[in-house]
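# Results of the structural survey
So the chains spell out like this:
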Amino acid sequence: VTLLAGIVAVTAARADPAQDLVAFRQYFQQRFPALVLADYNLGASALDPATRKQLGEMEEFPPYEFALEHGQALYATPFANGHRYAGCFEHGGVGIRQQYPYFDPASGAVVTLELDINRCRERNGEAPLDYLHGDLPEISAYLASTARGQRLDVRIPDDPRALAAYEAGKQYYYSRRGQLDLACASCHVHNAGRTLRGVTVSAGLGQATHWPAHRLEWGELAPLQRRFMACNEQTGTQPLAAQSEEYRDLEYFLTYMSNGLEVAAPSVRP
Amino acid sequence: VSRARRLLRSWACAAWLASAAAAAAPPADAVAAREYARVEAAATAALTQAGAAGFAWLHTRELLAQAHAEADAGRYQQALELATTARTQAELALVQARAEATAWQARVPR
């Protein structure tokens with residue numbers, strides 16, 4: 001119990017998230033002076049011209065096109081009670097992706113777009129969908145597509161619980177874990193742009209702008225948290241459950257670090 | 001003759017003592033089974049703590065499951081080896097969790 005208390009406690013002087021964002025951007029701008037901020041939307045391909053060309057060509061006839069149409073059709077389909085998804089979201093769900101995830105003062109927790117989609121279903125008497133595969137990522141991708149070009153605007157309200165969630169996500173991002181003793185930041189901050197087993201490692205800046213993504217490796221649209229799980233596995237860490245509090249906090253921190261960049265989802269990734 | 005009898009008597013006595021000792025000692029499997037139970041309990045406890053902290057390693061649970069399967073099949077030596085590896089992993093994950101409670105801060109760009 002003492003150990004857990006020690007681990008959970010964030011003991012350091014807490015930085016201001018806005019200061020963190022400035023430092024995070026400056027770090028990458030100093031490291032990759034040839035890139036402009038918008039380039040970071042491209043993920044690893046911003047740092048690898050060959051992949052950039054290849055993925056750019058794929059976006060002309062993107063492999064997620066049919067899945068996106070399916071997501072749109074699902075979103076428009078009424079529930080058994082006659083209500084629709086659009087009734088659950090501000091502006092009918094159009095152009096809202098840039099505000100996710102957000103801190104919900106009522107529940108005292110971070111809410112992702114995927115969580116809100118399932119909450120909407122449950123409020124309307126429907127069973128929740130699988131977070132990682134199939135319909136839900138497709139619906140999420142459709143909603144994200146309606147916000148393309150909007151700048152990410154994740155907010156951390158003046159609520160100690162929101163700041164604690166942000167700090168927990170930040171701690172997760174920078175903590176080494178697993179058999180390989182690697183933090184998210186070990187690859188995506190300190191070794192971004194380097195090659196790892198033939199793959200260029202993406203920068204943490206811009207990492208949250210383009211999800212759900214169709215990863216060629218997976219052959220389907222998938223949400224950011226599936227990538228968290230895959231990263232955990234690659235470092236020899238037991239992944240957490242999708243939409244666990246830890247992953248939602250991580251998504252909160254990571255998306256906040258991309259504030260000001262445009263929503264570029266859905267996307268294609270290697 | 002009496003010397004031969006004495007020798008025979010002491011040999012018989014030694015043989016009896018040896019067989020009695022062998023009968024009293026638990027079989028090797030029983031020792032391994034007890035040791036396995038002890039190590040498995042320690043591994044499970046450490047893994048639970050590591051998991052609660054978000055630091056469990058990827059294969060520890062699987063190693064424990066394999067250990068359980070070996071123990072169920074009566075192969076306690078193999079079960080013990082697997083549980084020992086699982087315990088080592090889980091304890092290392094806890095060491096990592098303790099270290100990272102503060103170490104992560106040094107990695108944040110300032």
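The structure this text deals with has already been given above.
Residues numbered from 1 in each chain as written. Chains lettered and ligands numbered in written order. Predicted model: local features only at pLDDT ≥ 70, side-chain atom pairs only at ≥ 80, totals over all residues. Heavy atoms only, no water.

Turning our attention to a positive patch on the surface. Taken together, Arg3, Arg5, Arg6 and Arg9 of chain B make up a surface patch of like positive charges. With respect to the helices and strands, arginine 9 of chain B occurs in helix H1 (residues 2-24). (Patch = residues over 30% accessible without salt bridge, like charges linked within 9 Å, V, L, I, M, F, W, Y side chains within 5 Å. Areas by Shrake-Rupley, 256 points an atom, 1.4 Å probe, with all protein chains shown as cover. Salt bridge = Lys/Arg side-chain N within 4 Å of Asp/Glu carboxyl O. Lys, Arg positive; Asp, Glu negative; His and termini not counted. Charge placed at Lys NZ, Arg CZ, Asp CG, Glu CD. Helix = DSSP H or I, 4+ residues; strand = E, 2+ residues; numbered from the N terminus.)

Here we come to the environment of glutamate 114 of chain A. Residue and element names in this part refer to chain A. In this structure, glutamate 114 sits in helix H5 (residues 113-123). Under the relative-accessibility criterion, glutamate 114 is labelled buried at 6%. C-alpha separation for the pair glutamate 114 and aspartate 130, spaced 16 residues apart in sequence, amounts to 9.7 Å. Beyond its immediate chain neighbours, meaning those up to four positions away, glutamate 114 contacts Tyr131, Leu136, Ser140, Pro212, Pro223, Gln243 and Glu251. In this structure the side chain of glutamate 114 is engaged in a polar contact, spanning 2.7 Å, whose partner is the side chain of serine 140. (Buried < 20%, exposed > 50% of the residue type's maximum accessible area, 1.4 Å probe, protein only. Contact = heavy atoms within 4.5 Å. Polar contact = N/O pair within 3.5 Å; in protein donor to acceptor, adjacent residues only side chain to side chain.)

What follows deals with the layout of surface pockets. Residue and element names in this part refer to chain A. The calculated volume of the largest pocket comes to roughly 1100 Å³. Those elements that provide at least two residues to the lining of the largest pocket are helix H3 (49-58), helix H7 (160-174), helix H8 (184-188), strand S4 (199-200), helix H9 (224-234) and helix H10 (245-256). Among the elements that line the lining of the largest pocket, the one with the most residues is H9, at six residues. When its residues are assigned to classes, the lining of the largest pocket shows 20 nonpolar, 13 polar and seven charged. (1 Å grid on protein atoms, 1.4 Å probe; cavity = no way out; pocket = protein on both sides within 12 Å on 5 of 7 lines; lining within 4 Å. Points joined across faces, edges and corners; volume = space filled by probe spheres on them. Nonpolar A, V, L, I, M, F, W, Y, C, P; charged D, E, K, R; others polar.)

The next subject is the interface of chain A and chain B. Across the contact, 28 residues belong to chain A and 24 residues belong to chain B. For the pair chain A and chain B, the interface holds eight residue pairs in polar contact (both at pLDDT 80 or more). Among the secondary structure elements, those contributing two or more residues to the side of chain A that touches chain B are helix H1 (2-8), helix H2 (17-31) and H7 of chain A.

Membership of the largest hydrophobic core comes to 67 residues, with the highest contact counts inside it found for Phe28, Tyr173 and Tyr174 of chain A. Here phenylalanine 28 of chain A is in contact with Tyr40, His188, Val189, Ala192, Ala203, Gly204 and Leu205 of chain A, once residues within four sequence places are set aside. Counting residues in each nonpolar core, the second largest holds 20 residues, with Leu47, Leu63, Ala79 and Leu82 of chain B among its members. (Core = buried A, V, L, I, M, F, W, Y, C linked by side-chain atoms within 4.5 Å.)

As a further point, take the sheet that holds strand S6 (residues 220-222) of chain A. All names here are of chain A. In spatial order, the strands read S6-S5-S7; together these three strands make up an open sheet with mixed pairing. Pairing within the sheet leaves two strands with one partner each, and these edge strands are S6 and strand S7 (267-269). Here the strands of the sheet are splayed against their neighbours by 40° on average, with no regard to which way each runs. In this structure, strand S5 (residues 213-215) lies alongside S6, joined through three bridges in antiparallel fashion. Residue pairing for S6: arginine 215 is matched across the bridge by glutamate 220. (Pairing = 2+ DSSP bridges. Axes fitted to C-alpha atoms, helices over the stretch in contact; angles between N-to-C directions.)

Take it as geometry only, folks, not as evidence of what the structure does.
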